[in-house]
2 protein chains.
Amino acid sequence: MEKEVLTLNCQCENCQLRALFFAHLQQDEMLDICNIRKEKSFESNEDIVRRGDKFREFFYLKEGLVKLHIVKSGSEDQIITIAKPLDFISILSIFSSDHYQYTVTALLPSVVCNVDMSLIKSFATKNAAFGFDLMTRLSKSTDIVLLETMDLKRLQLKGKLAYILLKFANHIFKSERFDLPVTRKEIAEYAGVSTENIIRALAEFRKDQLIRISGKEIEILNKNRLTQISKFG
Amino acid sequence: MEKEVLTLNCQCENCQLRALFFAHLQQDEMLDICNIRKEKSFESNEDIVRRGDKFREFFYLKEGLVKLHIVKSGSEDQIITIAKPLDFISILSIFSSDHYQYTVTALLPSVVCNVDMSLIKSFATKNAAFGFDLMTRLSKSTDIVLLETMDLKRLQLKGKLAYILLKFANHIFKSERFDLPVTRKEIAEYAGVSTENIIRALAEFRKDQLIRISGKEIEILNKNRLTQISKFG
DNA sequence: CGCGGCTTTGATGTTCATCAAGTAAAGTGG
DNA sequence: CCACTTTACTTGATGAACATCAAAGCCGCG
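Nothing here was measured: the structure is a model prediction, and the numbers come from that model.

Colleague: In this structure, what is going on with the overall build of chain A? I would like to understand it.
Modeller: Along chain A, the regular secondary structure elements total nine helices and eight strands. Burial status across chain A gives 54% buried among its 233 residues. Pairs at least 24 apart in sequence give 72% of the contacts found in chain A among residues at least 6 apart. Surface summary for chain A: the accessible area is close to 10800 Å², and the carbon and sulfur share equals 48%.

Colleague: Can you walk me through helix 5 (residues 128-154) of chain A in this structure?
Modeller: Because the α-helix completes a turn every 3.6 residues, residues three or four places apart line up on one side. Helix length check: helix 5 of chain A, at 27 residues, gives a terminal C-alpha distance of 39 Å against a target of 39 Å (1.5 Å per residue), a fit within 8%. Counting buried residues in helix 5 of chain A gives 22 out of 27 residues, a clear majority hidden from the surface.

Colleague: I'm lost on the protein's contact with DNA strand C in this one. Help?
Modeller: Near DNA strand C lie 15 residues; those nearest to it are A:Gln156, A:Val193, A:Asn197, A:Arg200 and B:Arg184. In the interface set of DNA strand C, defined as its atoms within 4 Å of the protein, sugar plus phosphate atoms amount to 52%. In this structure, a phosphate oxygen belonging to DNA strand C sits 3.0 Å away from a main-chain N or O atom of A:Leu157. One nitrogen or oxygen atom from the main chain of B:Arg184 is found 2.8 Å from a phosphate oxygen belonging to DNA strand C. Only helix 8 (195-207) of chain A together with helix 7 (184-191) and helix 8 (195-207) of chain B provide two or more residues apiece to the surface near DNA strand C. Each residue belonging to the surface near DNA strand C can be placed in one class, and the counts come to three nonpolar, five polar and seven charged.

Colleague: Explain the sheet that holds strand 7 (residues 211-214) of chain B to me, please; I cannot follow it from the model alone.
Modeller: Within a sheet, adjacent strands bond to each other through the backbone by hydrogen bonds, running parallel or antiparallel. All names here are of chain B. Taken in spatial order, the three strands of this open sheet run 6-8-7, and their pairing is antiparallel. Two strands in the sheet have a free side with no partner beyond their single neighbour: strand 6 (177-179) and strand 7. Here the average twist between neighbouring strands, direction ignored, is 15 degrees. When strand 6 meets strand 8 (residues 217-220), the two strands line up antiparallel, connected through three bridges.

Colleague: It is not clear to me how the interface of chain B and chain A should be interpreted in this structure. Could you clarify?
Modeller: Think of interface size as the accessible area that goes away when the parts come together; that is how it is often given. With 40 residues of chain B at the contact, the number on the chain A side is 40 residues. Across the chain B/chain A interface, buried area totals approximately 3500 Å², and carbon plus sulfur atoms make up 68% of it. Salt-bridge contacts for B:Asp151 lead to A:Lys72; the nearest nitrogen and oxygen are separated by 3.5 Å. Where chain B meets chain A, there are 10 residue pairs in polar contact (both at pLDDT 80 or more). When grouped by side-chain class, the residues that make up the side of chain B that touches chain A number 20 nonpolar, 12 polar and eight charged.

Colleague: Please explain the relation of the copies chain B and chain A as it appears in this structure.
Modeller: Look at the two chain copies: a rotation about an axis and a shift along it is all it takes to match them. The transformation that overlays chain B on chain A combines an axial shift of 0.0 Å with a rotation of 180 degrees, and the residual RMSD is 0.0 Å. Overall, the copies show the geometry of a two-fold rotation axis. Across chain B, the smallest distance between a C-alpha and the rotation axis is recorded for B:Ala128, namely 2.1 Å. Residue by residue, 100% of the interface of chain B is reproduced at the interface of chain A, so both copies engage with the same surface.

Colleague: I keep staring at the protein's contact with DNA strand D and nothing clicks. Help me out?
Modeller: Close to DNA strand D lie 15 residues; A:Arg184, A:Arg200, B:Gln156, B:Asn197 and B:Arg200 are nearest. Each atom of DNA strand D within 4 Å of the protein was assigned to sugar, phosphate or base; sugar and phosphate come to 52%. A distance of 2.9 Å separates a base nitrogen of DNA strand D from a polar side-chain atom of A:Arg200. At 2.6 Å, a side-chain N or O of B:Asn197 approaches a phosphate oxygen of DNA strand D. Going through the elements one at a time, helix 7 (184-191) and helix 8 of chain A together with helix 8 of chain B are the ones with two or more residues in the surface near DNA strand D. In terms of residue class, the surface near DNA strand D is made up of three nonpolar, five polar and seven charged.

Colleague: When you look at the packing of helix 5 of chain A against helix 6 (residues 157-172) of chain A in this model, what are you seeing that I'm missing?
Modeller: Angle between the axes and distance between the axes: these two values describe a pair of packed helices. Residue and element names in this part refer to chain A. Viewed as axis vectors pointing N to C, helix 5 and helix 6 meet at an angle of 145 degrees, and their least axial separation amounts to 8 Å. Between helix 5 and helix 6, the contacting residues are Glu148, Asp151, Leu152 and Lys153 on the first element and Lys160, Tyr163, Ile164 and Lys167 on the second. Residues of the contact of helix 5 with helix 6, tallied by class, amount to three nonpolar, no polar and five charged.

Colleague: I tried to follow the nonpolar core on my own but got confused; where do I start?
Modeller: Side chains of a nonpolar character, in soluble globular proteins, are inclined to be buried together. Ranked by internal contacts, the top residues of the largest apolar core, which has 77 residues, are A:Ile48, A:Ile80, B:Ile48 and B:Ile80. Other than its neighbours up to four places away in sequence, B:Ile80 contacts A:Leu146, A:Met150, B:Leu68, B:His69, B:Ile70, B:Tyr102, B:Val145, B:Glu148, B:Thr149 and B:Tyr190. Ranked by size, the runner-up nonpolar core spans 33 residues in total, among them B:Leu107, B:Ile187, B:Tyr190 and B:Leu202.

Colleague: I keep staring at the packing of aromatic side chains and nothing clicks. Help me out?
Modeller: Working definition: an aromatic ring pair is given by the centre-to-centre distance plus the angle between the planes. With the rule as written, the count across this model stands at 10 aromatic pairs over all chains. Relative to B:Phe130, the ring of B:Phe123 has its centre 6.2 Å away and its plane inclined at 85 degrees; by these criteria the two rings are edge-to-face. Taken as a pair, B:Phe123 and B:Phe130 share a single burial class, namely buried. By way of ring pairs, the aromatic residues A:Phe168, A:Phe173 and A:Phe178 are connected into one cluster.

Colleague: For this particular structure, what's the right way to read unusual backbone geometry?
Modeller: Only a minority of non-glycine residues have a phi that is not negative, and only a minority of peptide bonds are not trans. Not every positive phi belongs to a glycine, and A:Gln209 is a case in point at roughly 65 degrees. Residue placement: A:Gln209 occurs in the loop between helix 8 and strand 7 (211-214). Assessed through its relative accessible area of 56%, A:Gln209 is described here as exposed. At B:Asn45, a position not held by glycine, the phi torsion is positive, near 80 degrees. Checked against the element boundaries, B:Asn45 lands in the loop between strand 1 (38-42) and strand 2 (47-49). Of the residues examined, B:Asn45 reaches a relative accessible area of 61% and is grouped as exposed.

Cut-offs applied
Residues numbered from 1 in each chain as written. Chains lettered and ligands numbered in written order. Predicted model: local features only at pLDDT ≥ 70, side-chain atom pairs only at ≥ 80, totals over all residues. Heavy atoms only, no water. Helix = DSSP H or I, 4+ residues; strand = E, 2+ residues; numbered from the N terminus. Buried < 20%, exposed > 50% of the residue type's maximum accessible area, 1.4 Å probe, protein only. Contact = heavy atoms within 4.5 Å. Areas by Shrake-Rupley, 256 points an atom, 1.4 Å probe, with all protein chains shown as cover. Expected span 1.5 Å × (residues − 1). Near = heavy atom within 4 Å. Polar contact = N/O pair within 3.5 Å; in protein donor to acceptor, adjacent residues only side chain to side chain. Nonpolar A, V, L, I, M, F, W, Y, C, P; charged D, E, K, R; others polar. Pairing = 2+ DSSP bridges. Axes fitted to C-alpha atoms, helices over the stretch in contact; angles between N-to-C directions. Buried area = accessible area lost by both parts, 1.4 Å probe. Salt bridge = Lys/Arg side-chain N within 4 Å of Asp/Glu carboxyl O. Least-squares fit on C-alpha atoms with pLDDT ≥ 70 in both. Core = buried A, V, L, I, M, F, W, Y, C linked by side-chain atoms within 4.5 Å. Phe/Tyr/Trp six-rings, centres within 6.5 Å; stacked < 30°, edge-to-face > 60°.

And the structure:
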């Protein structure tokens, strides 16, 4: 019974990630994590971790939306990717260094769970099925990021923009209508082009009836055409 | 004694990767791998695996140099990275899909070791320390690839070229003088620019006394300046 | 030897960054 | 809540970076 009570206090039942992530952990291991974990909320625009921070805790995104980006003095920000829960941005580079390689910033109000790294490491080394699962997830998420990056690199401006808009529509919001969680400048940093040209391309997409746009509000009007641009544009 | 004989037949003693990779395997597990492993040689320009191939074997590069690239009909080749032994290109995406996401092609005569994937998977699930080591390596190599890709994305043409030349000098050949293992076209595919402009930039580097170049032979003459260009160019 | 791919150079045009300047929106302190 | 400041957005004009096209020499290979 006491276990049951602890589990309930833990509130992990509602976590989307629980089933996937902890499938291989024993009940008592789950409780260890539950009891040790710390949940933190972040507002839009708040840094969750910063490049160079010492890495002490394992964390995963429970709710919200974040950008993974490289902040360098003397040059523009570069956005590596935008990730939502289950994309598991958190595990990128976690095992490769003592320090974060990237900065992670909330784009929408977000909730993050922290677990002491040593606990995760000890599970991963003791419980091979858990470690294997972790490895699979790590591999999948980095694969997607890398393929996305190569796609964006290949395309020219309008193709990049179409690609990013469709990522929001298809992958992130799963809807043709949504509020952009990023500024024009951030779209530019993601695409690797200038802000002005993102604005011009958005205006042209509107003129060509591919999208409807007012401020942050976007509606995809011609997905087929936009998809074509995102592949060959 | 028989074990000893098998180990010797295996010829893994000379493998650079052995110590790193199999640190956590038991003697008998090592022997399993030794007995099951197949060594294959590839000539320059030969495909080691192709995008879309069904993934059946775990493989690692024992000797040589390879490019990881995306081959698409209707668009130029894109080189993701160039990897040597210990860079462990082999494990990228191995756990994320049944199929190879990229094509791997030898740039120099190369030797690859294949091990049946189910054996590696069974080790990874039974032997957590092995799995953890594998995960760490996977994470490190993908991190490096991703950071490199973002660097190349940020730079303009001469910066990209300087970056790539320095990768050969510092990371791959560890020498100021070396024979280019790639064509000008491949440098262009790696940088994401046109072949002609790579040639023009090479000519300009030569004119500015940054490099000496005759055919495939390269010598870095002014590494400081080239490094500066590779950071801010 | 001749064919195809690699290399090189020049000329031309397109894509895109940059600069400038102004409007709108959003945050800040009184 | 309003004045103020900053940040985001937008449009136009200009020039730089770069792709593309064309043409010719080179080299390795069947």
